[in-house]
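Now for the letters of each chain:
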Amino acid sequence: MNVAEFLFPRDLEVSPISFSRVLFIGSCLSDVYVRRLREANPSGTYDFILFNNASDLPTRTEAEIGVFDLQYIQLPLRSILTDAVVRIADNDKTNSPIDWLSLGKQNIDLMLDKAMTYNVQAGLLTLISNFVVPQGRISPSISDIDSSNDISWVIRELNVYIAESARKYKNCFVADVDAIASSLGKRYFLDDIIYFYTHGSVFYTDWAAHERTPYWTAPEPGRIEEIPPLGETYENRIDEFFGAVFRQIEAIYRIAKQVDMVKVVIFDLDNTMWRGLLAEHYQPGREWPYTRGWPLGIWEAVHHLRRRGIVTTIASKNDESLVKDKWNDVIDPPFIKFNDFMNPHINWQPKADNIRAILNELSLTPKSAVFVDDNPVERESVKAQLPGIRVIGSDPFTVRRVLLWAPEMQVAHRTQESLNREEMLKKQLERESQKSSMSREEFLTNLGSKVNLWEITGIDHPSFTRASELVNKTNQFNTNGNRWDAETYRQHFSEEGHVFAFSVTDRYAEYGTVGVVFTQRNRIIQFVMSCRVLGMDIEIAVLNHIVSIMREKVGNEQIYASIVNTETNTPSRTVFLRSGFVEMDANNFNLAGDQAGKIAEHVNVFFNKN
């Protein structure tokens with residue numbers, strides 16, 4: 001397995017992506033990236049700007065910047081620490097030696113201020129490469145290791161500073177090239193075995209040709225002794241390194257755009273959460289299965305998924321009472337608890353039926369789910385009955401890596417809603433349980449729903465990150481399925497467009513920010529809402545208030561709206577009809593100038609104009 005597939009698994013990938021145009025800003029290493037990418041993917045366009053100091057980038061309009069899918073910034077370490085670091089012995093002897101860390105931070109600030117011009121100007125998705133920390137120790141003595149006298153330590157600290165700097169920008173993430181280098185092995189590509197430490201590039205096997213019969217000695221050999229080919233002295237894997245760098249770019253793009261994002265992981269138990277069969281192999285008087293190794297890794301993975309806001313639950317053919325009774329015996333040490341899983345379904349029903357019930361309870365589709373099971377028959381049965389679901393589990397030694405490292409299992413930003421998702425879903429299930437014992441009118445009246453509505457005025461608004469996340473991951477209640485990036489938002493705002501977001505609370509839970517509505521003058525462009533508040537007429541109340549806000553600007557003009565049918569947005573297709581709009585023709589609706597739409601009297605809407 002090469003390092004690209006190892007670090008960035010493709011097991012959960014459904015939708016392929018292809019870049020139309022990518023901009024690289026950096027040193028000669030970035031130039032190599034571009035040339036390699038052009039060879040590997042000739043259909044794409046890869047531009048390069050040489051950037052060895054804090055110089056201004058070429059002037060571009062927002063439209064010209066908007067043609068790029070992303071930009072990749074590679075700050076040259078040589079420029080950050082300057083060539084003075086090569087003569088470090090002289091610096092040590094001066095009365096005022098250079099503080100390398102302070103110098104590096106200062107130069108990072110200066111260079112990023114220029115390199116991030118297109119990001120600041122147009123919100124262009126930006127990846128900033130960190131530095132590959134040199135091999136060996138660059139300290140004057142072993143007692144100076146990990147001190148300010150150790151340049152390796154300085155570079156590691158500069159990587160931390162790059163990450164801190166990236167967080168100050170919108171739509172900007174670190175490309176951790178040092179992690180790739182560490183996993184692959186720096187000795188297989190890094191040129192600091194030959195070059196000076198801060199050159200930070202790759203070595204090529206054909207360099208040895210300069211020593212054999214170079215032009216300056218031809219036809220005589222270049223050296224007294226013939227040297228072996230460089231590829232024999234140092235095994236070279238630069239192709240694998242470049243492939244991993246390019247795959248990392250793709251992986252971060254998928255995470256940032258939330259492509260094929262997973263929202264729930266459903267686990268089997270026997271031979272998936274633990275070794276062996278609970279009913280057969282964990283009996284008194286016999287030796288139980290070995291518990292170390294991959295099971296403990298899966299147990300920890302559950303918690304890392306939970307902290308990302310990904311729901312974990314169970315669908316298992318088993319005796320639920322036996323599972324609960326023996327849980328604390330089998331899960332040893334007690335890294336996970338039974339109640340860490342959301343509403344487990346443990347019975348003797350077909351697993352596909354249980355998974356379907358789980359998805360219905362969570363208002364999710366099969367495309368949002370991953371099912372982990374060791375049994376190939378069960379996996380294939382679930383896939384056949386729930387098209388779109390992703391299944392893994394055949395090899396227990398790969399499951400943890402896929403669950404934690406696949407781009408589809410990661411999020412660009414962790415929001416407050418992510419932190420509170422488990423508790424909110426538990427309240428949602430409680431709400432649905434109560435709903436079944438009342439008439440719909442009684443249930444809605446007793447619910448006490450409150451909507452807080454506000455306007456997002458730009459990508460710097462505090463609510464922008466959560467709203468953007470919601471828009472780009474919501475499939476079912478999404479009136480046209482469009483995804484929005486920072487450039488699209490900027491264009492929308494520049495064309496007098498408005499973005500409204502809203503949160504919901506009721507007697508059961510605070511659901512956080514659950515909806516976003518895009519408008520432009522007298523047209524509703526898109527309505528997105530989390531399905532966890534579906535069935536409460538929240539959408540009707542929100543639309544009524546949005547129309548009122550629009551009327552303040554357009555008076556008695558007609559309000560227009562439309563639906564674009566997607567594969568999964570069935571729940572949103574009737575929202576305008578249910579809100580009092582009239583269908584003019586297929587999927588196009590209007591609301592007459594003297595109408596405000598229907599009112600959901602049981603929902604109180606509060607609009608924050610600030």
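Our subject is the structure listed above.
Residues numbered from 1 in each chain as written. Predicted model: local features only at pLDDT ≥ 70, side-chain atom pairs only at ≥ 80, totals over all residues. Heavy atoms only, no water.

Q: Go over the layout of surface pockets, please, and point to the residues and values.
A: Estimates place the volume of the largest pocket at around 1,300 Å³. Lining the largest pocket are 42 residues; nearest its centre among them are Phe173, Ile255, Val411, Ala412 and His413. Mapped by element, the contributors of at least two residues to the lining of the largest pocket are helix H8 (151-166), strand S5 (172-175), helix H9 (177-184), helix H12 (238-257), helix H18 (396-405), helix H21 (464-473) and helix H22 (486-494). Per-element tally for the lining of the largest pocket: the top contributor is H12, with six residues. Partitioned by chemical class, the residues of the lining of the largest pocket number 24 nonpolar, nine polar and nine charged. (1 Å grid on protein atoms, 1.4 Å probe; cavity = no way out; pocket = protein on both sides within 12 Å on 5 of 7 lines; lining within 4 Å. Points joined across faces, edges and corners; volume = space filled by probe spheres on them. Helix = DSSP H or I, 4+ residues; strand = E, 2+ residues; numbered from the N terminus. Nonpolar A, V, L, I, M, F, W, Y, C, P; charged D, E, K, R; others polar.)

Q: Provide a residue-level description of the pairing of strand S6 (residues 264-267), including the pertinent values.
A: The two faces of S6 match: Val264 and Ile266 on one face and Val265 and Phe267 on the other face are all buried. Pairing between S6 and strand S7 (residues 311-317): four bridges, direction parallel. Counterpart to Val265 in the pairing with S7 is Thr312. Strand direction decides the pairing type here: S6 and strand S9 (residues 369-372), joined by four bridges, are parallel. When the bridges of S9 are listed, Ile266 appears paired with Phe371. (Buried < 20%, exposed > 50% of the residue type's maximum accessible area, 1.4 Å probe, protein only. Pairing = 2+ DSSP bridges.)

Q: Just give me the short version of a nonpolar patch on the surface, but keep the residues and values in it.
A: The grouping of Met1, Phe6 and Trp405 at the surface amounts to a nonpolar patch, some 330 Å² of accessible area in total. Under the relative-accessibility criterion, Met1 is labelled exposed at 70%. (Patch = residues over 30% accessible without salt bridge, like charges linked within 9 Å, V, L, I, M, F, W, Y side chains within 5 Å. Areas by Shrake-Rupley, 256 points an atom, 1.4 Å probe, with all protein chains shown as cover. Salt bridge = Lys/Arg side-chain N within 4 Å of Asp/Glu carboxyl O.)

Q: Describe the pairing of strand S13 (residues 510-520), and please don't skip the residues or the numbers.
A: Across the 11 residues that make up S13, a large majority, eight, are buried. In terms of strand pairing, strand S12 (residues 497-505) meets S13 through nine bridges, oriented antiparallel. If you follow Val499 over to S13, its bridge partner there is Phe518. The hairpin turn running from S12 into S13, its antiparallel successor, is four residues long.

Q: Quick rundown of the nonpolar core? Include the residues and the values.
A: Core analysis: the largest hydrophobic core is formed by 60 residues, its most contacted members being Phe502 and Ile538. The element contributing the most residues to this core is helix H23 (residues 538-554), with 10 residues. Within the second largest apolar cluster, 38 residues are counted, among which are Phe19, Ala181, Ala251 and Ala256. (Core = buried A, V, L, I, M, F, W, Y, C linked by side-chain atoms within 4.5 Å.)

Q: Outline the side chain of Arg401, supporting the account with residue identities and numerical values.
A: You can see Arg401 is positioned in helix H18. For the buried residue Arg401, which engages in no salt bridge, the nearest side chain bearing the opposite charge is Asp11, 5.1 Å off. Excluding its chain neighbours within four sequence positions, the residues that come into contact with Arg401 are Met1, Glu5, Phe6, Pro9 and Ala406. (Lys, Arg positive; Asp, Glu negative; His and termini not counted. Contact = heavy atoms within 4.5 Å.)

Q: Tell me about the sheet that holds S6, and name the residues and values.
A: With respect to topology, five strands assemble into an open sheet ordered S8-S7-S6-S9-S10, the strand pairing being parallel. Sheet topology places strand S8 (345-347) and strand S10 (390-392) at the edges, where each strand pairs with a single neighbour. Sheet twist, expressed as the average angle between the axes of neighbouring strands with direction ignored, equals 20°. Sitting on the sheet, H18 touches S6, S9 and S10, and the angle it makes with S10 is about 140°. (Axes fitted to C-alpha atoms, helices over the stretch in contact; angles between N-to-C directions.)

Q: With reference to specific residues and values, describe unusual backbone geometry.
A: The omega angle of the peptide bond from Ala218 to Pro219 is 5°, so this bond is cis rather than trans. With respect to the helices and strands, Pro219 occurs in the loop between helix H10 (209-212) and helix H11 (230-233). Cis geometry is found at the peptide bond from Asp332 to Pro333, where omega equals 5°. Along the polypeptide, Pro333 turns up in the loop between helix H15 (320-330) and S8. The backbone of Asn343 shows a phi angle near 45°, a positive value even though the residue is not glycine. Examined against the element boundaries, Asn343 turns out to sit in the loop between H15 and S8.

Q: Provide a residue-level description of the packing of helix H14 (residues 294-307) against H18, including the pertinent values.
A: The N-to-C vectors of H14 and H18 enclose an angle of 15°; their axes lie 9 Å apart at closest approach. Compared by their axis directions, H14 and H18 come out roughly parallel. The hand of the H14/H18 crossing is left-handed. Only Pro396, Phe397, Val399, Arg400, Leu403 and Leu404 of H18 make contact with H14, whose side of the interface consists of Trp294, Gly297, Ile298, Glu300, Ala301, His304 and Leu305. Of the residues contributing to the contact of H14 with H18, the split by class is nine nonpolar, two polar and two charged. (Parallel < 35°, antiparallel > 145°, perpendicular 65-115°, else oblique. Left-handed = near helix turned anticlockwise from the far one by under 90°.)

Q: Go over the pattern of salt bridges, please, and point to the residues and values.
A: A complete count under the given rule lists 32 salt bridges for this structure. We note a salt bridge from Arg521 to Glu557, for which the minimum N-O separation is 2.8 Å. Remark: Glu557 occurs in the loop between H23 and strand S15 (559-562) and Arg521 occurs in the loop between S13 and strand S14 (523-529); sequence separation between them is 36 residues. Residue Arg521 is classed as exposed on the basis of its relative accessible area of 51%. Taken together, the shared-partner salt bridges connect Glu5, Arg10, Glu13, Arg247 and Glu250 into one network.

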